[in-house]
Amino acid sequence: MTKGHFPIDKLQRIRTPFYYYDAELLRQTLRTINAEAGKHEGFCVHYAVKANANPQVLRIIREAGLGVDCVSGGEIEVSLKAGFPASKIVFAGVGKSDWEINLGLDNDIFCFNVESIPELEVINSLAQAKEKVARVAFRLNPNVGAHTHANITTGLAENKFGIDMRDMLKVIEEASAMQNVKVVGLHFHIGSQILDMSDFEALCNRVNELQQELERHQITVEHINVGGGLGIDYQHPNRVPIPDFKAYFDTYAKKLRLRPGQTLHFELGRAVVAQCGTLFTRTLYIKEGSVKRFCIVDAGFTDLIRPALYQAYHKIENITSDEPAATYDVVGPICESTDVFAKQIDLNRARRGDLLAIRSAGAYGEIMASQYNCRQLPKGYLSDEV
Ligand SMILES: *Cc1c(COP(=O)(O)O)cnc(C)c1O
C-alpha cells in the first residue's frame, strides 16, 4: 500500500518517531537550483548547513556541487567530513570562538564572514600566529526588513547580526591596516522563509548603493554574498514541492549590479531541504475532551520544535487511514503546554497505531531535536535506504 508517494509498508517497520528524506526530490531540487543559478554568470550557491546536517543529506548536496555556509566549528567539521572542499566553505556567526577560527584557518576556508571589529582583530591575530592571511567578508546589516516572522528577521538595525552599514568604510579601512586579513567580500542575510521577491529586491538596491559608495573610494570587492532566506510553501508540499528558484535568481540577476569579474554568492538552507523531509509519528491515543478531540502522538517538540517555537504551520496527513475526516488537535507527549503540532485540523479519522506524516520538515527539524524529558533523538532515513 502507498498513499501519495510514501512506501507505507516499509515505513511501518521503522520505530517512530523518525525523519524520512525523499532523496529523489532533493536531487530534483538541486538540479533546479543548478539549472537556474547556472543561467547567470558568476552565481555560486552554498548550502546553509544549519538547516539540516544529516550526513546522507549532506552527501547528496555535495554531489550536486554546492558549497556550504557554516555557522560553527562543528558545522565546518561535518562539512569537511561530508567531503565539501574547504575552498567552498564560508563561515558566519556573531560569536566565533578561537578554536573555531583556528579550524577555519587550518583548513584555509574560502571566507570568514565577520560580524564585528573585535572579531576581525581576533581573526587577524590568530592568523598572524599561523603566518596566514585570512580571507574575510564583512557582514553588513542592511536595515532591510523581511516580511516574515519577527523571530526570523535578521537584517534590521535592531537585530544582533552584522555591522551597521554606515560603518562599512571605517571597517574596511581598519582591515586594510591589518597584515593578516584580506577583505574579499560583503555579506548580507536578511531573514528566512521569505516569499515576497520585493524583499530581495530591497536588498539588491541597498547593495547597489553600498557598492557605489565603495567605488567613490576606489574600492571593489571580489564577491558579494546575499545570504539565503528563500521560503517554501508549507501549505502545499505536494503541489509546490520545489520553490521558485527561477524567480529568486532572476530577481538578483535583474536588480543587483555586479562589477566585472565579481561573483555573487547565495546561502540557501530551507529552500534546499525543507520539502524533502517528513517527520513520521504514530498515534498513541485519541482523547475526547469536553471541547476538543486530541490526537496524541509519539513525536513531540523535542523532535520538531518549529510549531512550538514559531507557531509554524506543518501540513499533517494520516497516511494509514481513508476514513472520513474528523477534527483534531495533534499534540505530543512532552510535559509542556506548547507541545502542540496543530490545532483544529482535519485528518482522516485516526485510531491508535495510525502513522501520521508531518510534512515539510526537512529544514530546522532533525537538527534542532533535543533530549528534553530524556527522550532519544529521532533518526533520519533516506528514501534510498529504506
Ligand atoms: C540561516 C542562515 C542562512 C540560511 O537561511 P535559510 O532561510 O534557511 O535559507 C544563510 N546565511 C546565514 C548567514 C544564515 O545564518
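As a reminder, the structure under discussion sits directly above these lines.
Please read all numbers here as calculations on a predicted model, not as lab measurements. (Residues numbered from 1 in each chain as written. Predicted model: local features only at pLDDT ≥ 70, side-chain atom pairs only at ≥ 80, totals over all residues. Heavy atoms only, no water.)

Draft legend 1. Geometry of the side chain of Ser79. For Ser79, the location among the structural elements is in helix α4 (residues 73–81). Once you skip the residues sitting within four places of it in the chain, Ser79 turns out to touch Val49, Val68, Cys70, Phe84 and Ile89. (Helix = DSSP H or I, 4+ residues; strand = E, 2+ residues; numbered from the N terminus. Contact = heavy atoms within 4.5 Å.)

Draft legend 2. Layout of the site of the ligand. Around the ligand, 14 residues are found, and the nearest of them are Lys50, Ser192, Glu267, Arg270 and Tyr364. Separating a nitrogen atom of the ligand from a side-chain N or O atom of Asp69 is a distance of 3.3 Å. One nitrogen or oxygen atom from the side chain of Tyr364 is found 2.6 Å from an oxygen atom belonging to the ligand. A class-by-class count of the residues in the shell around the ligand yields three nonpolar, six polar and five charged. (Near = heavy atom within 4 Å. Polar contact = N/O pair within 3.5 Å; in protein donor to acceptor, adjacent residues only side chain to side chain. Nonpolar A, V, L, I, M, F, W, Y, C, P; charged D, E, K, R; others polar.)

Draft legend 3. The environment of Leu230, seen in detail. Tracing the backbone through its elements, the reader meets Leu230 in the loop between β11 (223–225) and α9 (245–255). The buried category is assigned to Leu230, whose relative accessible area is 3%. When the C-alpha atoms of Leu230 and Val272 are compared, they prove to be 9.2 Å apart, with 42 residues separating the residues in sequence. Ignoring sequence-local partners within four residues, the contact set of Leu230 consists of Ile194, Met197, Phe200, Pro243, Asp244, Phe245, Tyr248, Leu268, Arg270 and Ala271. (Buried < 20%, exposed > 50% of the residue type's maximum accessible area, 1.4 Å probe, protein only.)

Draft legend 4. Local environment of the nonpolar core. Counting residues in hydrophobic clusters, the biggest one holds 101 residues, and the most contacted among them are Ile61, Phe112, Phe249, Tyr252 and Val330. Top element by residues in this core is helix α8 (residues 197–216). It accounts for seven residues. In this structure, Phe6, Ile14, Phe18 and Ala357 belong to the second largest nonpolar core, which totals 10 residues. (Core = buried A, V, L, I, M, F, W, Y, C linked by side-chain atoms within 4.5 Å.)

Draft legend 5. Broad picture of the packing of aromatic side chains. Per the counting criterion, the structure on display carries 18 aromatic pairs. Geometrically, the ring pair formed by Tyr20 and Phe280 is edge-to-face, given 5.9 Å between the ring centres and 75° between the ring planes. One end of the pair, Tyr20, is in strand β3 (residues 18–21); the other, Phe280, is in strand β13 (residues 277–288), with 260 residues separating them in the sequence. For the pair formed by Tyr20 and Phe280, the shared burial category is buried. Ring centres of Tyr248 and Tyr252 lie 5.3 Å apart, and the angle between their planes is 75°; this geometry places the pair in the edge-to-face category. (Phe/Tyr/Trp six-rings, centres within 6.5 Å; stacked < 30°, edge-to-face > 60°.)

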